[in-house]
Amino acid sequence: MAQVRIVTDSTADIPAEMIEKLGIGVVPLKVHFGEETYLDGVTISPDAFYQKLMEDERLPTTSQPSPMDFVEIYRQAAAEGVTQILSIHLSSAMSGTYQSAMLAKSMVEGEIEVEVIDSKKPSYVYGMIVIAAARAAQAGQSLAQCTQLVYRMRDHVKVYFLVDTLEYLQKNGRIAKASALVGTLLNIKPILSVNEDGEVCPVEKVRGKNRAVGRIFELLQTELTSPIQAAVIHACDDEQANKVEGKLKEAFEVHELVRTYVGPVIGAHAGPKAIAIAAIEEKVIWGE
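Here the structure is a predicted model, which is why all the values come from computation and not from measurement.

**With respect to the sheet that holds strand β4 (residues 36-39)**
As summarised here, the arrangement of the three strands in space is β4-β3-β5, forming an open sheet in which the pairing is antiparallel. The open sheet has two edge strands with one neighbour each: β4 and β5 (61-63). Ignoring strand direction, the axes of neighbouring strands in this sheet form an average angle of 25 degrees. Pairing analysis gives three bridges linking strand β3 (residues 30-33) to β5, with the strands arranged antiparallel. Pairing of Lys30 across the sheet is with Ser63, part of β5. Running over the sheet, helix α2 (residues 46-55) touches β3 and β4 and is turned about 30 degrees from β3.

Below, the structure written as structure tokens:
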């Protein structure tokens, strides 16, 4: 058994087979359509969510896990003989999930050692960090070593993303209605990223999705040196994901490329057909 158990939440958008293979504990967030409540990635899949999002006039809302949700998974690990947990979560600037995990940590003090980290990232942008930590734990690295790896990757992973429509950002109060209308009429595709505080931030405004994707690759090529590990994270847009994967392989020596969905919780804010590219130099992972 690995010395350290890795725990995360469902917004890491990690493919199910990787969760199972690496023994990662996952606490789900919730998505609400009116009085209907779904567990992210458990009782609603990304495909079903985006279909409902486009058909249902109600704007979905999301909610974080309770501290007791985390206490349950921490105590379960302790009952299995695990002595240390590294719990890595969605940016605290986007959700109260990290705070719930911190409260849970205080509630199990004396039962099991828990280290909680604010990833300051969304979706599989931090999911790839969780995966690296889980692999390190399986290889027998200590809690301190796994924690150092997480902070190192958090500080160096690059991410850019595009939304297909500004409607959901406007409805969720991220941008003004007038800005959303003008942007839609002009086919403006803002290139977005995440700043060091874990907040979504604008990078550039480009007209047209293809041009915006091209500009993202220009940015990445100035920031990264091969070999890299990368991820294509998409909101049910396989056609665009295929194109982006091809561009990544042309532009870089990619040692690992993971493709995954923007899950329901993040998708409630980004909307259908959003797409993100996350990448990190492999030398950072190895601490070189």
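**Examining a nonpolar patch on the surface**
A contiguous nonpolar patch, built from Met68, Leu103 and Met107 and spanning about 280 Å² of accessible area, is present on the exposed surface. By the secondary structure assignment, Met68 is in helix α3 (residues 67-79). Judged by relative accessible area, Met68 falls into the partly exposed class, the value being 45%.

**Observations concerning the environment of Leu219**
On the secondary structure map, Leu219 appears in helix α9 (residues 209-223). C-alpha of Leu219 to C-alpha of Lys158: the two residues are 61 residues apart in sequence and 9.9 Å apart in space. Ignoring any residue separated from it by four or fewer positions in sequence, one finds Leu219 in contact with Tyr160, Val203 and Glu204.

**Observations regarding the packing of aromatic side chains**
On inspection of all chains with the given rule, the structure shows four aromatic pairs. Centroid distance Phe49 to Tyr50: 5.1 Å. Interplanar angle 75 degrees. Geometry classified as edge-to-face. Both rings, one in Phe70 and one in Tyr74, keep their centres 6.1 Å apart while their planes meet at 40 degrees; by these two values the pair is tilted. Of this pair, Phe70 and Tyr74 both sit in helix α3, four residues apart, roughly one helical turn. Accessibility classification places Phe70 together with Tyr74 in one group, the buried group. One aromatic cluster in this structure is built from Phe33, Tyr38, Phe49 and Tyr50. Stacked on the ring of Phe33, the Lys or Arg Lys52 has its end atom at 5.2 Å from the ring centre.

**Here we look at the pattern of salt bridges**
Under the criterion given, the structure shown has 16 salt bridges. The salt bridge involving Asp56 is made with Arg58; its shortest N-O contact spans 2.8 Å. Of the residues examined, Arg58 reaches a relative accessible area of 34% and is grouped as partly exposed. The network of salt bridges with shared partners includes Glu36, Lys52, Asp56 and Arg58.

**Quick notes on the side chain of Asp13**
As for its placement among the helices and strands, Asp13 is situated in the loop between β1 (4-9) and α1 (16-22). Buried within the structure, Asp13 lacks any salt-bridge partner; Arg259 is the closest side chain of opposite charge, at an N-O distance of 14 Å. Among all residues touching Asp13, those that are not within four sequence positions of it are Ser123, Tyr124, Thr260, Tyr261, Val262, Gly263 and Ile266.

**Regarding the packing of α3 against helix α4 (residues 97-107)**
The geometry of α3 relative to α4 is characterised by a closest axis approach of 8 Å and an angle of 55 degrees between their N-to-C directions. Overall, the two elements α3 and α4 adopt an arrangement that is oblique. The interaxial crossing formed by α3 with α4 has right-handed handedness. For the pair formed by α3 and α4, the contact residues are Pro67, Met68, Phe70, Val71, Tyr74 and Arg75 on the first element and Thr97, Ser100, Ala101, Leu103, Ala104, Lys105 and Met107 on the second. Per-class residue counts for the contact of α3 with α4 are nine nonpolar, two polar and two charged.

Calculation criteria
- Residues numbered from 1 in each chain as written.
- Predicted model: local features only at pLDDT ≥ 70, side-chain atom pairs only at ≥ 80, totals over all residues.
- Heavy atoms only, no water.
- Pairing = 2+ DSSP bridges.
- Helix = DSSP H or I, 4+ residues; strand = E, 2+ residues; numbered from the N terminus.
- Axes fitted to C-alpha atoms, helices over the stretch in contact; angles between N-to-C directions.
- Contact = heavy atoms within 4.5 Å.
- Patch = residues over 30% accessible without salt bridge, like charges linked within 9 Å, V, L, I, M, F, W, Y side chains within 5 Å.
- Areas by Shrake-Rupley, 256 points an atom, 1.4 Å probe, with all protein chains shown as cover.
- Salt bridge = Lys/Arg side-chain N within 4 Å of Asp/Glu carboxyl O.
- Buried < 20%, exposed > 50% of the residue type's maximum accessible area, 1.4 Å probe, protein only.
- Phe/Tyr/Trp six-rings, centres within 6.5 Å; stacked < 30°, edge-to-face > 60°.
- Lys NZ or Arg CZ within 6 Å of the ring centre and 35° of its normal.
- Lys, Arg positive; Asp, Glu negative; His and termini not counted.
- Parallel < 35°, antiparallel > 145°, perpendicular 65-115°, else oblique.
- Left-handed = near helix turned anticlockwise from the far one by under 90°.
- Nonpolar A, V, L, I, M, F, W, Y, C, P; charged D, E, K, R; others polar.

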